[in-house]
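# Summary of the model geometry
Each chain, letter by letter, is given below.
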Amino acid sequence: MQKVLDGLIFIVLCIFLFTGCQKEEDSIHFEEIANATKIEVAHSFSGTVTTEVIEDTDNINKIANWLNELLLDEVSFPENETPSDTEGGECYSFTVSDAEGKQINFHYYINGLENYYIWYNEKWYIVKNPVALTL
(Lines give C-alpha, C1' and ligand atoms only; values in the text may rest on other atoms or scores of the structure.)
Protein backbone atom coordinates (compact mmCIF):
# COMPACT_ATOMS: atom_id res chain seq x y z
CA MET A 1 0.00 0.00 0.00
CA GLN A 2 2.85 2.39 0.80
CA LYS A 3 4.42 1.82 -2.64
CA VAL A 4 1.14 2.66 -4.37
CA LEU A 5 0.78 5.85 -2.31
CA ASP A 6 4.41 6.83 -3.02
CA GLY A 7 3.83 6.16 -6.73
CA LEU A 8 0.72 8.38 -6.80
CA ILE A 9 2.53 11.20 -5.01
CA PHE A 10 5.39 10.92 -7.50
CA ILE A 11 2.99 11.06 -10.46
CA VAL A 12 1.18 14.13 -9.06
CA LEU A 13 4.49 15.90 -8.47
CA CYS A 14 5.58 15.14 -12.03
CA ILE A 15 2.32 16.51 -13.40
CA PHE A 16 2.76 19.76 -11.45
CA LEU A 17 6.40 20.01 -12.43
CA PHE A 18 5.85 19.56 -16.15
CA THR A 19 2.54 21.38 -16.61
CA GLY A 20 1.07 23.65 -13.98
CA CYS A 21 4.27 25.08 -12.56
CA GLN A 22 5.94 26.03 -15.81
CA LYS A 23 5.89 29.66 -16.80
CA GLU A 24 4.90 29.98 -20.40
CA GLU A 25 6.74 32.46 -22.55
CA ASP A 26 4.32 34.57 -24.48
CA SER A 27 5.09 35.63 -27.98
CA ILE A 28 3.16 37.59 -30.52
CA HIS A 29 3.25 36.08 -33.96
CA PHE A 30 3.12 38.80 -36.54
CA GLU A 31 2.92 36.58 -39.61
CA GLU A 32 0.56 39.08 -41.22
CA ILE A 33 3.35 41.66 -41.34
CA ALA A 34 5.28 39.65 -43.92
CA ASN A 35 2.23 40.09 -46.20
CA ALA A 36 1.93 43.83 -45.54
CA THR A 37 1.97 46.31 -48.37
CA LYS A 38 2.78 49.30 -46.18
CA ILE A 39 4.06 50.03 -42.67
CA GLU A 40 3.80 53.51 -41.20
CA VAL A 41 6.24 54.14 -38.35
CA ALA A 42 6.04 57.15 -36.04
CA HIS A 43 9.08 57.58 -33.79
CA SER A 44 8.66 59.80 -30.74
CA PHE A 45 11.72 60.88 -28.75
CA SER A 46 12.27 63.95 -26.54
CA GLY A 47 9.16 65.67 -27.84
CA THR A 48 10.11 65.19 -31.49
CA VAL A 49 8.05 62.94 -33.74
CA THR A 50 9.33 61.67 -37.06
CA THR A 51 7.36 59.48 -39.43
CA GLU A 52 8.33 57.08 -42.15
CA VAL A 53 6.30 55.05 -44.61
CA ILE A 54 7.81 51.70 -45.57
CA GLU A 55 6.55 50.02 -48.73
CA ASP A 56 9.68 48.12 -49.73
CA THR A 57 9.27 44.34 -49.33
CA ASP A 58 12.79 43.84 -47.97
CA ASN A 59 12.28 46.41 -45.20
CA ILE A 60 8.83 45.03 -44.37
CA ASN A 61 10.39 41.57 -43.99
CA LYS A 62 13.16 43.06 -41.86
CA ILE A 63 10.56 44.44 -39.43
CA ALA A 64 8.65 41.13 -39.39
CA ASN A 65 11.88 39.23 -38.65
CA TRP A 66 12.80 41.72 -35.90
CA LEU A 67 9.43 41.20 -34.20
CA ASN A 68 9.64 37.42 -34.40
CA GLU A 69 13.05 37.48 -32.68
CA LEU A 70 11.67 39.20 -29.59
CA LEU A 71 10.92 37.13 -26.49
CA LEU A 72 7.93 38.56 -24.66
CA ASP A 73 6.14 38.06 -21.36
CA GLU A 74 2.74 39.56 -20.72
CA VAL A 75 2.76 41.99 -17.78
CA SER A 76 0.20 44.10 -15.93
CA PHE A 77 0.60 47.61 -14.58
CA PRO A 78 -1.46 49.82 -12.28
CA GLU A 79 -3.73 52.11 -14.29
CA ASN A 80 -1.63 55.29 -14.35
CA GLU A 81 1.79 53.65 -14.22
CA THR A 82 2.16 52.12 -17.66
CA PRO A 83 5.45 52.40 -19.55
CA SER A 84 3.80 54.90 -21.89
CA ASP A 85 3.52 57.30 -18.93
CA THR A 86 7.29 57.42 -18.38
CA GLU A 87 8.96 60.75 -19.06
CA GLY A 88 12.00 60.66 -21.30
CA GLY A 89 10.93 57.43 -22.94
CA GLU A 90 11.08 56.60 -26.60
CA CYS A 91 8.27 55.09 -28.66
CA TYR A 92 7.84 53.55 -32.08
CA SER A 93 4.20 53.35 -33.21
CA PHE A 94 3.50 50.97 -36.08
CA THR A 95 0.49 50.84 -38.38
CA VAL A 96 0.72 47.83 -40.68
CA SER A 97 -1.59 47.67 -43.70
CA ASP A 98 -2.20 44.80 -46.09
CA ALA A 99 -3.59 44.81 -49.63
CA GLU A 100 -7.16 44.37 -48.34
CA GLY A 101 -6.94 47.41 -46.06
CA LYS A 102 -6.70 45.39 -42.84
CA GLN A 103 -4.51 47.09 -40.23
CA ILE A 104 -2.45 45.98 -37.24
CA ASN A 105 -1.34 48.58 -34.70
CA PHE A 106 1.28 48.16 -32.00
CA HIS A 107 3.77 50.25 -30.06
CA TYR A 108 7.36 49.57 -29.00
CA TYR A 109 8.41 51.53 -25.89
CA ILE A 110 11.99 52.05 -24.77
CA ASN A 111 12.25 53.41 -21.23
CA GLY A 112 15.92 53.44 -20.26
CA LEU A 113 18.60 50.89 -20.97
CA GLU A 114 16.74 47.82 -19.72
CA ASN A 115 13.02 48.57 -19.99
CA TYR A 116 11.51 47.62 -23.34
CA TYR A 117 7.81 46.99 -23.86
CA ILE A 118 5.28 46.18 -26.59
CA TRP A 119 1.65 47.35 -26.43
CA TYR A 120 -0.52 45.14 -28.65
CA ASN A 121 -4.21 44.18 -28.54
CA GLU A 122 -4.79 46.05 -25.28
CA LYS A 123 -2.01 44.10 -23.52
CA TRP A 124 1.47 44.97 -22.29
CA TYR A 125 4.45 42.73 -22.95
CA ILE A 126 7.93 43.12 -21.53
CA VAL A 127 10.69 42.43 -24.05
CA LYS A 128 13.17 40.03 -22.48
CA ASN A 129 15.76 40.20 -25.27
CA PRO A 130 15.72 43.72 -26.73
CA VAL A 131 17.06 43.70 -30.26
CA ALA A 132 17.93 46.99 -31.94
CA LEU A 133 15.43 48.12 -34.54
CA THR A 134 17.08 49.51 -37.64
CA LEU A 135 14.92 51.02 -40.33
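Since this is a predicted model, take the numbers as computed values, not measurements. (Residues numbered from 1 in each chain as written. Predicted model: local features only at pLDDT ≥ 70, side-chain atom pairs only at ≥ 80, totals over all residues. Heavy atoms only, no water.)

## Let's talk about the overall build of the protein chain
- Of regular secondary structure, the protein chain possesses two helices and seven strands.
- Taken from N to C terminus, the helices and strands of the protein chain fall in the order α-β-β-α-β-β-β-β-β.
- Counting across all 135 residues of the protein chain, residues that qualify as buried make up 28%.
- Contacts in the protein chain between residues far apart in sequence, at least 24 positions, make up 57% of those at least 6 positions apart.
- When the accessible surface of the protein chain is totalled, it reaches about 9200 Å², and 52% of it is carbon and sulfur. (Helix = DSSP H or I, 4+ residues; strand = E, 2+ residues; numbered from the N terminus. Buried < 20%, exposed > 50% of the residue type's maximum accessible area, 1.4 Å probe, protein only. Contact = heavy atoms within 4.5 Å. Areas by Shrake-Rupley, 256 points an atom, 1.4 Å probe, with all protein chains shown as cover.)

## Side note on empty space enclosed by the protein
- Under the defined criterion, the tally for this structure stands at two cavities of 30 Å³ or more.
- The calculated volume of the largest cavity comes to roughly 50 Å³.
- Looking at the largest cavity, the residues that line it are Glu32, Ala36, Val96, Ser97, Asp98, Lys102, Gln103 and Ile104.
- Class assignment for the residues of the lining of the largest cavity results in three nonpolar, two polar and three charged.
- For the second largest cavity, the calculated volume is near 30 Å³.
- Considering the residues around the second largest cavity, the lining is formed by Glu52, Ile54, Asn59, Lys62, Ile63, Thr134 and Leu135. (1 Å grid on protein atoms, 1.4 Å probe; cavity = no way out; pocket = protein on both sides within 12 Å on 5 of 7 lines; lining within 4 Å. Points joined across faces, edges and corners; volume = space filled by probe spheres on them. Nonpolar A, V, L, I, M, F, W, Y, C, P; charged D, E, K, R; others polar.)

## Focus on unusual backbone geometry
- Positive phi, close to 55°, is recorded for Ser46, a residue that is not glycine.
- One can find Ser46 in the loop between β1 (38-45) and β2 (48-54).
- Even without being a glycine, Asn121 presents a positive backbone phi close to 50°.
- Here Asn121 is to be found in the loop between β6 (116-120) and β7 (123-127).
- Among the residues examined, Asn121 registers a relative accessible area of 54% and is labelled exposed.

## Quick notes on helix α2 (residues 57-69)
- A rise of 1.5 Å per residue sets the reference length of α2, with its 13 residues, at 18 Å; its end C-alpha atoms lie 18 Å apart and thus fit the reference within 8%.
- If you follow the buried residues of α2, they end up packed against β1, β2, β4 (90-97), β5 (103-110) and β6.
- For α2, the N-terminal cap is Asp56; the gap from its side-chain oxygen to the backbone nitrogen of Asp58 is 3.0 Å. (Expected span 1.5 Å × (residues − 1). Polar contact = N/O pair within 3.5 Å; in protein donor to acceptor, adjacent residues only side chain to side chain.)

## Some details on the packing of aromatic side chains
- What the rule picks out here adds up to eleven aromatic pairs.
- What links up through ring pairs into an aromatic cluster is the set Trp66, Tyr92, Phe94, Phe106, Tyr108 and Tyr116. (Phe/Tyr/Trp six-rings, centres within 6.5 Å; stacked < 30°, edge-to-face > 60°.)

## Quick look at the confidence of the model for the protein chain
- Confidence in the prediction for the protein chain averages 79 pLDDT; 76% of positions are at 70 or higher.
- When pLDDT is averaged over each element of the protein chain, β2 comes out on top at 95 and helix α1 (residues 2-20) at the bottom at 44. (pLDDT = per-residue confidence, 0-100.)

## Description of the environment of Ile54
- Considering the arrangement of structural elements, one finds Ile54 in strand β2.
- Apart from the residues within four sequence positions on either side, Ile54 is in contact with Thr37, Lys38, Ile39, Val41, Asn59, Ile60, Ile63 and Leu135.

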